[in-house]
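# Structural description and commentary
Here are the chains, one letter per residue:
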Amino acid sequence: SNKSQIVSTIKQNGQSVLETMDKTIRNSDNIVCPPVSGPTVVIVKDGIYTRYRFIAPSALDNGSIQQDAPLQPALSDIQSFINAVCIEPLQTPNVLTDTNPQTGVSAVNGLFTRTSQPGSKDSVTIRFDLSPGVSAPQVVAGQIDPQTFQTTVQLR
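Throughout what follows, the structure given in this document is the object of discussion. (Residues numbered from 1 in each chain as written. Predicted model: local features only at pLDDT ≥ 70, side-chain atom pairs only at ≥ 80, totals over all residues. Heavy atoms only, no water.)

On to the overall build of the protein chain, then. Within the protein chain, the regular secondary structure consists of three helices and nine strands. The order of α-helices and β-strands along the protein chain, N terminus first, is α-β-β-β-β-β-α-β-β-β-α-β. Radius of gyration (C-alpha) of the protein chain: 17 Å, near the 15 Å computed for a compact globule of 156 residues. Viewed in the frame of its principal axes, the protein chain has a C-alpha envelope of about 55 × 30 × 20 Å. Across the protein chain, every contact between residues at least 6 apart in sequence was considered, and the portion connecting residues at least 24 apart equals 62%. Total accessible area computed for the protein chain in this model is approximately 8,300 Å², and 50% of it derives from carbon and sulfur atoms. In the protein chain, 11 positive and 12 negative side-chain charges are present, and the distance between their average locations comes to 6 Å. (Helix = DSSP H or I, 4+ residues; strand = E, 2+ residues; numbered from the N terminus. Rg over C-alpha atoms; globule rule 2.2 N^0.38 Å. Contact = heavy atoms within 4.5 Å. Areas by Shrake-Rupley, 256 points an atom, 1.4 Å probe, with all protein chains shown as cover. Lys, Arg positive; Asp, Glu negative; His and termini not counted. Charge placed at Lys NZ, Arg CZ, Asp CG, Glu CD.)

Written out as structure tokens, the structure reads:
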């Protein structure tokens, strides 16, 4: 039953995160970053920025998927902001995945890939793996392969 509970948690977390990111990205006006691919995507809708980032796991903490809303500076600093927003630390992030080290999930191998094609809007491919929490009982976690979640979202 522990195994089925962990698999269920992984699937629920993965689908929930994909739905959240899909809706936000699809309805955005523009993709700020990544230029091609990376662990962070920043989109803008009506001058409001939303940033999603994959945070790698450590020995004690689950990898996670986080979201925040970096604040846009004065118009004179907009290019500096755009250059920095993809790499600066998240400000008061909202963690989208269950980070409980025993019963939660750990996000690994997260990547956003941006595709630009002449004559159409940009799209972003979201891909990540979720595995059992870093402190889940190894006898159960060792029987569960990471689950891959992937979708491609095109701006409207």
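If you trace the backbone, serine 123 turns up in strand β8 (residues 123-132). Note on serine 123: relative accessible area 12%, which makes it buried. Among residues more than four places away in sequence, those in contact with serine 123 are Ile31, Thr113, Arg114, Thr115, Thr152, Val153 and Gln154. (Buried < 20%, exposed > 50% of the residue type's maximum accessible area, 1.4 Å probe, protein only.)

A cis amide bond links cysteine 33 with the next residue in sequence, proline 34, at an omega value of 15°. Structurally, the position occupied by proline 34 is in the loop between β1 (30-33) and β2 (37-38). Positioned with a positive phi, aspartate 46 is a non-glycine residue whose angle comes to about 50°. Its place among the elements puts aspartate 46 in the loop between β3 (40-45) and β4 (48-55).

Our focus in this paragraph is helix α1 (residues 2-26). Along an α-helix, residues three or four positions apart point the same way, because every turn accommodates 3.6 residues. In this model α1 runs 36 Å from its N-terminal to its C-terminal C-alpha over 25 residues, within 8% of the 36 Å that 1.5 Å per residue would give. Of the residues making up α1, those classed as buried are Ile6, Thr9, Ile10, Asn13, Gly14, Val17, Leu18, Met21, Asp22 and Ile25. (Expected span 1.5 Å × (residues − 1).)

Purely spatial values, then, with no claim about function.
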